[in-house]
Amino acid sequence: MATLIRGKLSNKLSNAATAVSNKSQAKVSGMFARMGFQAATDEEALGFAACDDLDYDHRQGMQMDILTSDEMGGEASGDGGALDGDSHYQRDGTGPSPSASKDGGSTNELSEVRPKITAWEAGWNVTNAIQGMFVLGLPYAILHGGYLGLFLIIFAAVVCCYTGKILISCLYEEDEDGQLVRVRDSYVDIANACCAPRFPSLGGHIVNVAQIIELVMTCILYVVVSGNLMYNSFPNMPISQKSWAIIATAALLPCAFLKNLKAVSKFSLLCTLAHFIINILVVAYCLSRARDWAWDKVKFYIDVKKFPISIGIIVFSYTSQIFLPSLEGNMQKPSEFHCMMNWTHIAACILKGLFALVAYLTWADATKEVITDNLPPGIRAVVNLFLVAKALLSYPLPFFAAVEVLEKSFFQDGGRALFPDCYGGDGRLKSWGLTLRCTLVVFTLLMAIYVPHFALLMGLTGSLTGAGLCFLLPSLFHLKLLWRKLLWHQVFFDVAIFVIGGICSISGFIHSMEGLIEAFKYNIQE
């Protein structure tokens, strides 16, 4: 009996000590944050596969640790105090780090630091996202916008660079010592923080839906462009563009069995280098015809009906915000993030502007939705084959990211999951998980067959999700989370970006839908 009384008394005293030491733990956490003990983000695939979906399993594990520590009466509050405080600032302030094991092995796990990337490597990832093969549609934007289209390429680069920076600033808050500490990990965390406490998960759902739409539409565009390029490379063959799309999708079916992207990532660098070589070949051909450039065709006018579609095309070519939080969290020196964003977007702006201008000057009013379709047959076939290979090898990245978001939202959402887990206890993919993946591949094929319009789909996606993720949400979140710390010109920029982005998004969406309806109604082919 005496032992039981002593045990209860010990637990109460321990709980009281834990409550009193919360404030001191917070100060200790600030010290540890300055010493470099940053909470590691989840290991993610490269490129689009580094999408910012909220890892609910991680949060569930953290909540279980909290409950366990409460039941044990704060027994783990001794040696782990500094780590608890670090979690208070590095995560969401709810309790100890998930890495803290019940047997006191948290220090060993924390010491296993995951490899970080340099600013150059981070810049390479951003360049891959904003300098991809979708720049092939930019000359078509100049066709309908003239010099205003060129200005928009520059303007979009400036705005996307700015919104990327303010999105990262929303990941940080000041501790009691006035030091900036990372308290959020992803785009979804930021959205949830803005909607809390009334709707704590609404923002995350909105961002997840936008991510899924953008990733799936990216997959559809890869299938569309593959069919288009093959059809225009071999026009004399009795195979239609839809048939080429089916053939391309057949080659993509193995994506349904992917468990990770290690096999695909090996080809990423080669694909990117090949794409730069292709761009150089296209520019070189255009320069060879410099004497025939149609400067008189580039004017200060816009096609009121089709220019909003061009806005969506340009915005979509700059989308990288969905994985910037993860990228910044994995940098060796996060302080270099702003500099990295500056030079990557300056380089992208210059390269895109020059590529779009010289390509349009070469073919003027004959410019097609995919610029390589304008090349002579011999060169076109070689260039297009390389582009098709790049498109097919790029498809698994957004596909795998979309599958992960869907699985975590509907199959792995803890006790709130609508369907059972896609994976068995041995890690094998279950039948319904495989069905989900195959269904997604078939869906991208059907969309590519019935809506085979690269520029219209690209403009629709850029207007619908690109503008939202790059313009609207970052500026809105910045105003919401950091309102008291913003200067007047920052408030002005955020409001202006939100208003301009909203107008461009709505007009681009409406005109893209009108173009798709017209193309479907009159059976217009590219």
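This one's a predicted model, so the numbers in the text were calculated from it and none came from an experiment.

Quick notes on the pattern of salt bridges
- Tallied over the entire structure, the rule returns four salt bridges.
- We note a salt bridge from Arg184 to Glu173, for which the minimum N-O separation is 2.5 Å. Here Arg184 is found in the loop between strand 2 (180–182) and helix 9 (187–195), whereas its partner Glu173 is found in strand 1 (residues 172–174), with eleven residues between them in sequence.
- Judged by relative accessible area, which is 11%, Arg184 ranks as buried.
- For Asp185, the salt bridge is made with Arg182, and the minimal N-O distance between the two is 3.3 Å.
- Its relative accessible area of 13% is what places Asp185 among the buried residues.
- Under the relative-accessibility criterion, Arg182 is labelled buried at 6%.
- A single network of salt bridges, built from pairs that share partners, joins Arg182, Asp185 and Glu328.

Side note on the packing of helix 8 (residues 147–169) against helix 14 (residues 307–316)
- The contact between helix 8 and helix 14 brings their axes to 10 Å, and the two run at 35 degrees. In terms of crossing hand, the pair formed by helix 8 and helix 14 is right-handed. Two secondary-structure elements touch here, helix 8 through Leu148, Gly149, Leu152, Ile153 and Ala156 and helix 14 through Phe307, Ile311 and Ile314.

Quick notes on the environment of Ile246
- In this structure, Ile246 sits in helix 11 (residues 241–252).
- Counting along the chain gives 19 residues from Ile246 to Gly227, while the straight-line C-alpha distance between them is 8.0 Å.
- Look past the residues within four positions of Ile246 in its chain and what remains in contact with it is Leu445 and Ile449.

Some points on the nonpolar core
- The biggest cluster of nonpolar side chains holds 123 residues, and the ones touching the most others in it are Tyr318 and Tyr395.
- Per-element accounting of this core gives the leading share, 15 residues, to helix 10 (residues 202–233).

Quick notes on helix 7 (residues 138–145)
- Across the eight residues of helix 7, eight count as buried, placing the element largely inside the fold.
- Within two residues after helix 7, Gly146 carries a phi angle of roughly 60 degrees, on the positive side.

Description of helix 16 (residues 337–363)
- End to end, helix 16 covers 39 Å across 27 residues, agreeing with the expected 39 Å (1.5 Å per residue, within 8%).
- Note on helix 16: the residue one or two positions beyond its end, Ala364, has a positive phi of about 50 degrees.

Brief notes about the packing of helix 9 against helix 10
- Packing of helix 9 against helix 10 brings their axes to within 6 Å, and their N-to-C directions diverge by 145 degrees. In this structure, helix 9 meets helix 10 at a crossing whose hand is right-handed. Counted together, Tyr187, Val188, Ala191, Asn192 and Cys195 of helix 9 and Leu202, Gly203, Gly204, Val207, Asn208 and Gln211 of helix 10 form the full contact between these two elements.
- Here the residues of the contact of helix 9 with helix 10 are counted per class, giving six nonpolar, five polar and no charged.

A short note on the side chain of Asp185
- By the secondary structure assignment, Asp185 is in the loop between strand 2 and helix 9.
- Polar side-chain contacts of Asp185 include one of 3.3 Å to the side chain of Arg182.

Looking at the confidence of the model for the chain
- Mean pLDDT over the chain: 76, with 72% of residues reaching 70 or higher.
- Predicted confidence for residues 19–112 stays below pLDDT 50, and this span has 157 contacts to residues more than four positions away or in other chains.

Brief notes about the environment of His205
- Here His205 is to be found in helix 10.
- C-alpha of His205 to C-alpha of Asn192: the two residues are 13 residues apart in sequence and 8.5 Å apart in space.

Points about the packing of aromatic side chains
- With the rule as written, the count across this model stands at nine aromatic pairs.
- With centroids separated by 5.9 Å and ring planes inclined at 15 degrees, the aromatic side chains of Tyr285 and Trp363 adopt a geometry described as stacked. With Tyr285 in helix 13 (residues 268–288) and Trp363 in helix 16, the pair connects residues that are 78 residues apart, well separated along the chain. Comparing Tyr285 with Trp363, the two get one shared label, buried.
- Ring geometry for Tyr395 and Phe399: centres 5.7 Å apart, planes at 20 degrees, overall stacked.

Conventions and cut-offs
- Residues numbered from 1 in each chain as written.
- Predicted model: local features only at pLDDT ≥ 70, side-chain atom pairs only at ≥ 80, totals over all residues.
- Heavy atoms only, no water.
- Salt bridge = Lys/Arg side-chain N within 4 Å of Asp/Glu carboxyl O.
- Helix = DSSP H or I, 4+ residues; strand = E, 2+ residues; numbered from the N terminus.
- Buried < 20%, exposed > 50% of the residue type's maximum accessible area, 1.4 Å probe, protein only.
- Axes fitted to C-alpha atoms, helices over the stretch in contact; angles between N-to-C directions.
- Left-handed = near helix turned anticlockwise from the far one by under 90°.
- Contact = heavy atoms within 4.5 Å.
- Core = buried A, V, L, I, M, F, W, Y, C linked by side-chain atoms within 4.5 Å.
- Expected span 1.5 Å × (residues − 1).
- Nonpolar A, V, L, I, M, F, W, Y, C, P; charged D, E, K, R; others polar.
- Polar contact = N/O pair within 3.5 Å; in protein donor to acceptor, adjacent residues only side chain to side chain.
- pLDDT = per-residue confidence, 0-100.
- Phe/Tyr/Trp six-rings, centres within 6.5 Å; stacked < 30°, edge-to-face > 60°.

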